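Results of the structural survey
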Amino acid sequence: ATKPPFRRHVPIRVRGVYSDALYRSFLCRSFAIHPSWLAAQTVPSVPIGEMTTGRFLSEFERANRPVLLRGASAGWPAVARWTPSYLR
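Read on for an overview of the structure. (Residues numbered from 1 in each chain as written. Predicted model: local features only at pLDDT ≥ 70, side-chain atom pairs only at ≥ 80, totals over all residues. Heavy atoms only, no water.)

Here's the deal with the overall build of the protein
- Secondary structure assignment for the protein yields 5 helices and 2 strands.
- Starting at the N terminus, the α and β elements of the protein follow one another as α-α-β-α-β-α-α.
- Each of the 88 residues in the protein was classed as buried or not, and the buried ones make up 8%.
- In the protein, 15% of the contacts between residues at least 6 apart in sequence involve partners at least 24 apart.
- With the model as given, the accessible surface of the protein reaches about 7900 Å², and the carbon-plus-sulfur share is 58%. (Helix = DSSP H or I, 4+ residues; strand = E, 2+ residues; numbered from the N terminus. Buried < 20%, exposed > 50% of the residue type's maximum accessible area, 1.4 Å probe, protein only. Contact = heavy atoms within 4.5 Å. Areas by Shrake-Rupley, 256 points an atom, 1.4 Å probe, with all protein chains shown as cover.)

Put into structure tokens, the structure is as follows:
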């Protein structure tokens, strides 16, 4: 078996996402990034008003599946307080 030619590391640009795994070159050479990881809309998104404890447990926790709960942090004080100027 022949080795594939060496390719210089080029960071993967994924809009709206930052991950050390995508930007640290030694990590990118340590494992392959499966194409499905870069596909859009791979994690289900559920409005918090439509999620129940039972639904969460059966569809996501027991199945060990990720889910994005839209609006879950809307009432958190940090949402109003953490402005770009506050975080500087």
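This is not the end of the story, as more comes after the structure.
Things to note about the pattern of salt bridges
- One pass over the structure, following the stated rule, counts 1 salt bridge.
- The partner of Arg55 in a salt bridge is Glu59, and the shortest N-O contact between them spans 3.2 Å. Placement of the pair is Arg55 and Glu59 together in helix H3 (residues 53-61), with a separation of 4 residues, close to one helical turn.
- On the accessibility criterion, Glu59 (32% relative accessible area) is partly exposed. (Salt bridge = Lys/Arg side-chain N within 4 Å of Asp/Glu carboxyl O.)

Re the environment of Phe60
- Relative to the helices and strands, Phe60 is located in helix H3.
- When the C-alpha positions of Phe60 and Pro44 are compared, they lie 9.8 Å apart, and in sequence the two are 16 residues distant.
- Not counting the four nearest positions on each side in its chain, Phe60 is found in contact with Pro44, Val46, Met51, Arg55, Arg65, Pro66 and Val67.

Quick notes on a nonpolar patch on the surface
- Taken together, the side chains of Trp82, Tyr86 and Leu87 define a hydrophobic patch exposed on the protein surface, amounting to about 390 Å² of accessible area.
- Secondary-structure assignment places Leu87 in helix H5 (residues 84-87).
- The class for Leu87 is exposed, based on a relative accessible area of 58%. (Patch = residues over 30% accessible without salt bridge, like charges linked within 9 Å, V, L, I, M, F, W, Y side chains within 5 Å.)

Side note on unusual backbone geometry
- Even without being a glycine, Asn64 presents a positive backbone phi close to 55°.
- Its place among the elements puts Asn64 in the loop between H3 and strand E2 (68-70).
- Judged by relative accessible area, Asn64 falls into the exposed class, the value being 72%.

A word on the environment of Ser85
- With respect to the helices, strands and loops of the structure, Ser85 is situated in helix H5.
- Separated by 3.2 Å, the side chains of Ser85 and Thr83 make a polar contact. (Polar contact = N/O pair within 3.5 Å; in protein donor to acceptor, adjacent residues only side chain to side chain.)

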